[in-house]
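Chains, contacts and geometry: an overview
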Amino acid sequence: AYILQAYDETVASIIPPKTIPNKGLKEPYEFTLRKAPEGTPFPLADSKGKVVVLNFWATWCGPCRELEPHFEKVAARFSGEKDVLFYDLNCDEDESLVAPYLAEERPKTTTLFADGLNILIRVNSLPTTVILDRAGKVAYRSEGFDPDDFEKVLTDAITRVVHPPENPTPNTATMRPSPTPEKR
């Protein structure tokens, strides 16, 4: 036990503790994320009042790589809707992996570092896709994805959030089980 404690103390003195960006914030639109890979501040407050579609991913996640072209197709379908925004949110602990990945894959949607938003929204597996309604509340969540119906299911969910039914029935928000998530 003494050796482990000494090791922990030595490591703690060498490696500064990692700060958690946006710690303590309670609403998504309070967050300031960073554009990947350069780190330019990206306040989510600028997205308030819009429908925001978030794709949480990591470089090491195979299903995340498979999902990206499907996510981009759905984003392209909504490109004419100025009130629907699509963001890829990277959850890698080692952010140095992101720049080479982006250079190779060249995603078409805006890529940001998750910067703690994944904690607030309770992302426990990757990929996870979330739709925030205009008030910033989770209106849809999908963990993992099924390549056969991801585009249709996400398109339908976005349409329901953008154009809600006039007489909604209880539980109109959709929650999907996770067919292929990778646990963190």
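Throughout what follows, the structure given in this document is the object of discussion. Keep in mind the model is a prediction, meaning the values are calculated, not measured.

Moving on: the pairing of strand β7 (residues 128-132). Judged by how many residues are buried, β7 sits mostly within the fold: five of five residues are covered. Of the two faces of β7, the one holding T128, V130 and L132 and the one holding T129 and I131 are both buried throughout. Relative to β7, strand β3 (residues 51-57) runs antiparallel, the two sharing five bridges. Among the inter-strand pairings, L54 is bridged to a residue of β7, identified as V130. Here β7 runs beside strand β8 (residues 138-143); their pairing, made up of five bridges, is antiparallel. Counted as the bridge partner of I131 is Y140 from β8.

What follows concerns unusual backbone geometry. Cis peptide bonds are those with omega within 30 degrees of zero, and the linkage from A36 to P37 qualifies with 5°. Here P37 is to be found in the loop between β1 (32-35) and β2 (41-43). The phi dihedral of D115 is positive, around 45°, even though this residue is not glycine. Examined against the element boundaries, D115 turns out to sit in the loop between β5 (110-113) and α4 (117-120). Despite not being glycine, R122 shows a phi value in the positive range, around 60°. Note that R122 resides in the loop between α4 and β6 (125-126). R122 gets classed as exposed once you look at its relative accessible area, which sits at 60%.

What counts and what doesn't
Residues numbered from 1 in each chain as written. Predicted model: local features only at pLDDT ≥ 70, side-chain atom pairs only at ≥ 80, totals over all residues. Heavy atoms only, no water. Buried < 20%, exposed > 50% of the residue type's maximum accessible area, 1.4 Å probe, protein only. Helix = DSSP H or I, 4+ residues; strand = E, 2+ residues; numbered from the N terminus. Pairing = 2+ DSSP bridges.

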